[in-house]
Protein chains: 2
Amino acid sequence: MTDRILGVLGGMGPLASAQFMARLTLLTPAVRDQEHIPAVLWSDPRVPDRSRGRPASGPDEVLPWLQRGLRGLKAAGCGAIAMPCNTAHGWYDDLTAEGLPILHIVDAAAAALRAVAPSGTVGIMGTAATLAMRLYQDRLDHQGWHCITPDAEEMARLVTPSIAAVKANRVVDAYAPLAEAARLLAARGAKAVVLGCTEIPLGIQAGPKLEFPVIDTIDSLALAAIAWARG
Amino acid sequence: MTDRILGVLGGMGPLASAQFMARLTLLTPAVRDQEHIPAVLWSDPRVPDRSRGRPASGPDEVLPWLQRGLRGLKAAGCGAIAMPCNTAHGWYDDLTAEGLPILHIVDAAAAALRAVAPSGTVGIMGTAATLAMRLYQDRLDHQGWHCITPDAEEMARLVTPSIAAVKANRVVDAYAPLAEAARLLAARGAKAVVLGCTEIPLGIQAGPKLEFPVIDTIDSLALAAIAWARG
C-alpha cells in the first residue's frame with residue numbers, strides 16, 4: 001500500500017484518460033483493492049483544443065484550464081502529476097512552475113522504446129501540433145534515435161481524422177488509417193513506432209496487432225506513474 | 001457542452017472506476033472532446049473492505065474514507081456524485097448528509113431493468129454484504145419485482161472468489177464462475193440478472209454473452225450520470 005496519491009490531469013481526451021486509469025490498475029501488481037494506487041483524475045474535456053497551438057489569450061487559451069486542474073489536484077493532496085495527453089506537454093514548462101513534479105510522457109515513452117529499439121530510426125505518430133512543436137524529435141534525437149514522422153498528406157488523410165474519430169467515440173473506424181500510417185513509417189525504416197497521441201493506441205488496439213513494435217504512450221506513462229507511486 | 005461537473009467517488013475497485021469513466025465517455029453523444037462530460041474521479045482504493053459491514057470505529061471504518069473523498073469532490077466543484085460501487089451504497093444515507101446529490105445505483109439499475117423485465121422474478125448478484133443489507137431486494141420488491149439471489153454455497157464457491165479475482169487483475173478467471181452463478185438464477189426463473197457489484201460486469205464481459213438479459217450496473221450508473229449532466 002502506498003500513501004502517495006497520483007494526480008491525473010486528463011480529459012484530453014476523456015476516453016484516453018479512462019484507459020490510463022484502467023492500465024494504471026492492470027499494470028500494478030496487486031491482489032486486493034487496498035494494494036492499488038490512490039489517484040485523482042481531473043477529467044475536464046472542456047480544455048480548448050490543444051492542437052491549435054498557443055494563442056496568447058482569449059477563449060482558446062489552454063494554459064488557464066490546465067492550471068485550474070493542476071491546482072485542483074494539488075488541493076486534493078496529489079504528490080505528482082501524469083498528463084495522458086501528449087500535445088498538452090507543450091505546456092509542460094509552464095505547468096511545472098506550479099511546483100508539483102510532472103512525469104513527462106516522452107521520457108516514459110523513451111524508456112519503453114529502449115527495450116525494443118535502443119537506437120536507429122523510429123517513427124513518431126501524433127497530432128500535427130505535437131509533431132510541429134518537435135516534442136518527441138528533439139528529446140529522442142538527442143538520446144541517439146533518428147525520428148521520422150508521417151508527411152503532411154498522410155497526416156491529413158490518415159492520422160488527424162483518426163484522432164478525431166476516437167474523440168467522437170468511433171474507435172473502430174480509426175484502426176485502418178492509423179495502421180496504414182504506422183506501416184508507411186515502418187516501410188521507410190522505422191524499427192518501432194511511437195503512438196505519441198493518447199487517442200492513437202485506442203484506435204490501434206481496435207484491430208489486429210501490427211507486424212512491428214509500437215510504443216503505447218498510455219502504458220508507458222502508467223508504468224512511470226506506478227514507479228513513482230511505489231518509489 | 002455542460003458546465004455541470006460530475007464527481008465520481010471510486011477506487012472501489014479501481015478497475016470498475018476506470019470502466020465507469022470509459023462507459024461514461026462512450027455512452028455520451030459527442031463528436032469532440034469539448035462535448036464530453038467534465039468529471040473528477042476520486043479513486044482511493046485504500047477505503048477499507050466494504051464487505052465487512054459497518055464497524056463502529058477503528059481502522060476498518062469505511063465512512064471517514066468516503067466522507068474524505070466526497071469532500072474532496074465537493075471542493076473540486078462537483079455538483080453530484082456517482083459511486084461505482086454497489087456495496088458502498090450501504091453508507092448512502094450517511095453520505096447524503098454532506099449535502100451533495102448522490103445518484104443511487106439501484107435506481108439506475110431499476111431503470112435499465114424496466115426495459116428488459118418490467119416485472120416478475122429477477123436475479124441479483126452482488127457481494128455478500130450487498131445481499132445481506134438487502135440493497136436491491138427492498139428497493140426492487142417494493143417496485144413490483146421479486147428478487148432471488150445465489151445461495152450461500154454459490155456465493156462462497158462462485159461469486160465471492162470471482163469478485164476478488166477482478167480486484168486482483170485476474171479478470172478472465174472470473175467469467176466461468178460468474179456465468180455459472182447467473183445461469184443458476186435464470187434456471188430458477190429469473191427473467192434478467194442484475195450484476196449488482198461493479199466487478200461482476202468486468203468478469204462477465206471477459207467471455208461469451210449470456211443467453212438472458214443482464215443489467216450492467218456500471219452502464220446504468222453512467223447513463224444516470226449523463227442524464228444528470230445534460231439535465
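Cut-offs applied
Residues numbered from 1 in each chain as written. Chains lettered and ligands numbered in written order. Predicted model: local features only at pLDDT ≥ 70, side-chain atom pairs only at ≥ 80, totals over all residues. Heavy atoms only, no water. Axes fitted to C-alpha atoms, helices over the stretch in contact; angles between N-to-C directions. Helix = DSSP H or I, 4+ residues; strand = E, 2+ residues; numbered from the N terminus. Parallel < 35°, antiparallel > 145°, perpendicular 65-115°, else oblique. Left-handed = near helix turned anticlockwise from the far one by under 90°. Contact = heavy atoms within 4.5 Å. Nonpolar A, V, L, I, M, F, W, Y, C, P; charged D, E, K, R; others polar. Domains from an automatic or database assignment. Buried area = accessible area lost by both parts, 1.4 Å probe. Salt bridge = Lys/Arg side-chain N within 4 Å of Asp/Glu carboxyl O. Polar contact = N/O pair within 3.5 Å; in protein donor to acceptor, adjacent residues only side chain to side chain. Disulfide = S-S within 2.5 Å. Buried < 20%, exposed > 50% of the residue type's maximum accessible area, 1.4 Å probe, protein only. Phe/Tyr/Trp six-rings, centres within 6.5 Å; stacked < 30°, edge-to-face > 60°. Lys NZ or Arg CZ within 6 Å of the ring centre and 35° of its normal. Pairing = 2+ DSSP bridges.

All names here are of chain B. One can describe the packing of helix 1 (residues 14-26) onto helix 10 (residues 217-230) by two numbers: an axis separation of 9 Å at closest approach and a directional angle of 50°. As far as their axial angle goes, helix 10 and helix 1 are oblique. Handedness of the helix 1/helix 10 crossing: right-handed. Here Ala-16, Gln-19, Phe-20, Arg-23 and Leu-24 of helix 1 lie close against helix 10, whose contacting residues are Ile-218, Asp-219, Leu-221, Ala-222, Ala-225 and Ile-226. Across the contact of helix 1 with helix 10, the residue classes tally to 8 nonpolar, 1 polar and 2 charged.

Turning our attention to the domain arrangement of chain A. All names here are of chain A. The assigned domain composition of chain A is domain 1 (6-104 + 219-230) and domain 2 (106-216). At the interface, 18 residues of domain 1 touch 24 residues of domain 2. In this assembly, domain 1 packs against domain 2 so that about 1,500 Å² is buried in total across both faces, 54% of it on carbon and sulfur atoms. Taken together, domain 1 and domain 2 are joined by 0 salt bridges. Between domain 1 and domain 2 we count 12 residue pairs in polar contact (both at pLDDT 80 or more) in total.

This part is about the side chain of B:Asn86. Residues and elements named next belong to chain B. Counting through the fold element by element, Asn-86 comes out in the loop between strand 3 (80-82) and helix 3 (92-96). A distance of 3.3 Å separates a polar side-chain atom of Asn-86 from the backbone oxygen of Gly-196. Excluding its chain neighbours within four sequence positions, the residues that come into contact with Asn-86 are Ile-105, Thr-130, Leu-135, Tyr-136, Leu-195, Gly-196, Cys-197, Thr-198 and Thr-217.

Moving on: the state of the cysteines. Residues and elements named next belong to chain B. Evaluated as defined, the whole model comprises 0 disulfides over all chains. Not part of a disulfide, Cys-85 finds its nearest cysteine sulfur in Cys-197, a span of 6.9 Å. Classification of Cys-85 as buried rests on a relative accessible area of 5%.

Chain A puts 40 residues into the contact, and the matching count from chain B is 40 residues. For the pair chain A and chain B, the summed buried area comes to about 3,000 Å², and 57% of that belongs to carbon and sulfur atoms. It is A:Asp33, A:Arg46 and A:Asn169 that lose the most area in chain A upon contact with chain B, and together they represent 22% of the buried surface on that side. At the surface where chain A touches chain B, the tally comes to 6 salt bridges. B:Arg50 is paired through a salt bridge with A:Asp33; the nearest N and O atoms lie 2.8 Å apart. The interface formed by chain A and chain B holds 21 residue pairs in polar contact (both at pLDDT 80 or more) in total. Elements with a contribution of two residues or more to the side of chain A that touches chain B: helix 1 (14-26), strand 2 (39-43) and helix 7 (152-167) of chain A. A per-element tally of the side of chain A that touches chain B places helix 1 of chain A first, with 7 residues.

Moving on, we come to the packing of aromatic side chains. Summed over all chains, the structure comprises 0 aromatic pairs over all chains. The lysine or arginine in question, B:Arg68, covers the ring of B:Trp65, its NZ or CZ lying 4.7 Å from the ring centre.

Residues and elements named next belong to chain A. Read from one edge of the open sheet, 4 strands run 6-5-7-8, paired in parallel fashion. Strands with a single pairing partner mark the edges of an open sheet, and in this sheet they are strand 6 (145-148) and strand 8 (214-216). Direction aside, the axes of adjacent strands within the sheet are offset by 30° on average. Contacting strand 5 (120-125), strand 6, strand 7 (193-195) and strand 8, helix 4 (residues 105-116) crosses the sheet at an angle of about 150° to strand 8. The sheet contacts of helix 10 (residues 217-230) involve strand 7 and strand 8, and relative to strand 8 the element is tilted by about 55°.

Residues and elements named next belong to chain B. The residue Thr-217 is located in helix 10 in this model. Looking at Thr-217, the relative accessible area reads 0%, which means it is buried. Separated by 3.3 Å, the side chains of Thr-217 and Asn-86 make a polar contact.

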